[in-house]
Amino acid sequence: YGGMGLDFSYNIAVAEELGNIRCGGVPMAIGVQAGMATPALTRFGSHELKKQFLVPTIAGDFVACLGISEAGAGSDVANIKTTAVRKGDEYVINGGKMWITSGTQADWMCLLANTSEGPPHRNKSLICLPMNLPGIHVARKIDKLGMRSSDTAQIFFEDVRVPCKNLIGEEGKGFTYQMLQFQEERLWGVATALTPLETIIQETIDYTRQREVFGQPVLHNQTVHFRLAELATEVELLRSLLHRAVALYVEGNDVTKFASMAKLKAGRLTREVTDSCLQFWGGMGFTSEVLVSRFYRDFRLMSIGGGTDETMLSIICKYMEILPRK
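Residues numbered from 1 in each chain as written. Predicted model: local features only at pLDDT ≥ 70, side-chain atom pairs only at ≥ 80, totals over all residues. Heavy atoms only, no water.

A. Highlighting the side chain of Gln-154. Counting through the fold element by element, Gln-154 comes out in strand β7 (residues 152-163). When its relative accessible area of 16% is taken as the criterion, Gln-154 is described as buried. A polar contact of 2.9 Å, which involves the side chain of Gln-154, links it to the side chain of Arg-140. Once residues lying within four places of it in the same chain are set aside, the contact partners of Gln-154 are Lys-97, Met-98, His-137, Val-138, Ala-139, Arg-140 and Ile-142. (Helix = DSSP H or I, 4+ residues; strand = E, 2+ residues; numbered from the N terminus. Buried < 20%, exposed > 50% of the residue type's maximum accessible area, 1.4 Å probe, protein only. Polar contact = N/O pair within 3.5 Å; in protein donor to acceptor, adjacent residues only side chain to side chain. Contact = heavy atoms within 4.5 Å.)

B. Seen up close, the UniProt feature "domain: Acyl-CoA dehydrogenase/oxidase C-terminal" (unreviewed entry) in the protein chain. Look at the UniProt record and you will see "domain: Acyl-CoA dehydrogenase/oxidase C-terminal" (unreviewed entry) annotated at residues 172-318. Helix makes up 74% of residues 172-318 and strand 3%. Its end C-alpha atoms lie 23 Å apart. (UniProt positions renumbered as here; feature names shortened; annotations may be inferred.)

C. Spatial organisation of the domain arrangement of the protein chain. For the protein chain, the assigned domains read domain 1 (37-169) and domain 2 (176-320). Using only C-alpha atoms to locate each centre, domain 1 and domain 2 end up separated by 30 Å. Counting residues at the interface gives 19 residues for domain 1 and 17 residues for domain 2. Across the domain 1/domain 2 interface, buried area totals approximately 1,400 Å², and carbon plus sulfur atoms make up 62% of it. In terms of surface lost to domain 2, no three residues of domain 1 exceed Arg-43, Ser-75 and Met-147, which account for 34% of the buried area on that side. Counting every contact that joins domain 1 to domain 2 gives one salt bridge. Here domain 1 is connected to domain 2 by six residue pairs in polar contact (both at pLDDT 80 or more). Looking at the side of domain 1 that touches domain 2 residue by residue, the class counts come to twelve nonpolar, five polar and two charged. (Domains from an automatic or database assignment. Buried area = accessible area lost by both parts, 1.4 Å probe. Salt bridge = Lys/Arg side-chain N within 4 Å of Asp/Glu carboxyl O. Nonpolar A, V, L, I, M, F, W, Y, C, P; charged D, E, K, R; others polar.)

D. Local environment of the packing of aromatic side chains. With the rule as written, the count across this model stands at five aromatic pairs. When the ring of Tyr-207 is compared with that of Trp-281, the centres are 4.1 Å apart and the planes differ by 5°; the resulting orientation is stacked. Here Tyr-207, found in helix α5 (residues 174-210), pairs with Trp-281, found in the loop between α7 (256-280) and α8 (291-298); they are 74 residues apart in sequence, far enough to count as distant. Judged by its relative accessible area of 15%, Tyr-207 falls in the buried class. (Phe/Tyr/Trp six-rings, centres within 6.5 Å; stacked < 30°, edge-to-face > 60°.)

E. Structural view of a nonpolar patch on the surface. Together, Met-4, Leu-6 and Tyr-10 make up an exposed nonpolar region whose accessible area comes to about 370 Å². Positionally, Met-4 belongs in the segment before α1 (8-18). (Patch = residues over 30% accessible without salt bridge, like charges linked within 9 Å, V, L, I, M, F, W, Y side chains within 5 Å. Areas by Shrake-Rupley, 256 points an atom, 1.4 Å probe, with all protein chains shown as cover.)

F. Quick peek at the UniProt feature "domain: Acyl-CoA oxidase/dehydrogenase middle" (unreviewed entry) in the protein chain. UniProt marks residues 65-160 with the feature "domain: Acyl-CoA oxidase/dehydrogenase middle" (unreviewed entry), using the numbering shown here. Taken end to end, residues 65-160 comprises 0% helix and 51% strand; its first and last C-alpha atoms sit 17 Å apart.

G. Representation of helix α9 (residues 309-319). Among the residues of α9, Asp-309, Met-312, Ile-315 and Ile-316 are the ones counted as buried. Viewed along the axis of α9, the buried residues span an arc of 120°, placing them on a single side of the element. (Arc of directions from axis to C-beta.)

H. Main features of the pairing of strand β4 (residues 108-114). The element β4 is extensively covered by neighbouring structure, given that seven of its seven residues are classed as buried. Residues Trp-108, Cys-110, Leu-112 and Asn-114 of β4 are buried on one face, and the alternating residues Met-109, Leu-111 and Ala-113, pointing to the opposite face, are buried as well. Where β4 lies against strand β5 (residues 124-130), seven bridges are found, and the strand directions are antiparallel. The partner of Ala-113 across the bridge, within β5, is Ser-125. (Pairing = 2+ DSSP bridges.)

I. Expanded view of unusual backbone geometry. Here Trp-99, not a glycine, exhibits a phi torsion of approximately 60°, which is positive. Position of Trp-99 among the secondary structure elements: in strand β3 (residues 90-101). In this structure, Phe-214 takes a positive phi of about 55° despite not being glycine.

Take a look at the structure:
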């Protein structure tokens, strides 16, 4: 279908390199295209759907978005309310989606919707939804704290008709497909954070080495250089966890626990590194002129998007059999 046929470890290599981009929004948009909106289609979609949607997406001719979150259902995916009711050979879609990355410019959406009544984990389906259909309303581009170079949309559906053949895989399996897709999304997100964290630490070292306070460089204070050494160590530990999870995933193992651990640690570490380093920049760190302040805003999303820290903790507890699995 136009891809290179490489395993998932290459996605992670690319994600780490994209961390050299000096913002969070561009790598995130590429991640939605490569690791969030397309894995379920790649794994479970029909040949016809792949020709129609996957081929132009891989080629870069189509922009894809992922339609999961709603105003009342972010990390709680099972609680989504959007419906896709089968009528003849079409689904009629009603509802709305919130916080949709690339939503104002997307050519198609990988949409999760309720296609039947019944248990919330078995009544959902994924559908390839062209974004130019009648009844799709992109309500607004959301103004955000960070990731400001990425367009994030609120979208409503009013009697949108899409062919039933646009169903990805089997009806009722959408929740399961999405959970599988989340693992790749979370690992990608962790990978994109590694290089920026290293960059922030190095730029902080460079700045505090030349910035003098009370007659000596800021870096020469033990509390500063010890803290930077500690943060650099934490980044390396996160990289090791990520690479272990990816290696297991490529071998065909369930890495839900390790992916959740890595996502949790990345969310907390990005906050810790950016906050600590910004402090060492002093007043300059509170301006928009330096990278550390941008990453302070951009990477705050890491603990929220793709599953909150609290959701990751719940998943980890279930895999440790601290809590019962549903």
